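Per-entry structural report
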Amino acid sequence: MKFGVVCDVDSKIFLGGGSTLEQGRKTFILYAHHETGFLNQVRVISEVGDPTQYFLYKVPPQERKFGENFNYEVSLKDEMIGDLQLIESILALMGNPNLLALMG
């Protein structure tokens, strides 16, 4: 079973056709806009540690209630958000040559 987190991106980083990186149990996918080739979405997908932690229950419409009940591994979600933040930081440094020159 896999779980993923997606982040839409407004970027001027040119990727062309996008990129995929496998790292351990995780897959990192960088998507490029089909017309401009600029990065526009980052996705992290991971094998889950405990599949029994995951569920989604939708309330049937005839019950006249609105809502969903769901669960996931919070620690995995937090780890994946940290991965997205790290990617964001790296890409920000790569996209700002003046900042890299200052860091020397």
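These remarks concern the structure in this document.

Parameters and conventions
Residues numbered from 1 in each chain as written. Predicted model: local features only at pLDDT ≥ 70, side-chain atom pairs only at ≥ 80, totals over all residues. Heavy atoms only, no water. Helix = DSSP H or I, 4+ residues; strand = E, 2+ residues; numbered from the N terminus. Expected span 1.5 Å × (residues − 1). Contact = heavy atoms within 4.5 Å. Pairing = 2+ DSSP bridges. Axes fitted to C-alpha atoms, helices over the stretch in contact; angles between N-to-C directions.

Observations concerning helix H1 (residues 74-94)
When the terminal C-alpha atoms of H1 are compared, their 30 Å separation across 21 residues agrees well with the 30 Å that a helix rising 1.5 Å per residue should span. In this structure, the buried side of H1 is in contact with strand S1 (2-8), strand S3 (26-32) and strand S4 (39-47).

Looking at the sheet that holds S1
Pairing is antiparallel across the open sheet formed by four strands, whose spatial order is S1-S4-S3-S2. Edge strands, defined here as strands with exactly one partner in the open sheet, are S1 and strand S2 (19-23). Each adjacent strand pair in this sheet contributes to an overall mean axis angle of 15 degrees, direction not counted. Sheet analysis places S2 next to S3, joined by five bridges and oriented antiparallel. Paired with Ser19 across the strands is Leu30, a residue of S3. Along the sheet, H1 contacts S1, S3 and S4; its crossing angle with S4, the most-contacted strand, is approximately 145 degrees.

Purely geometric numbers; function is a separate question.
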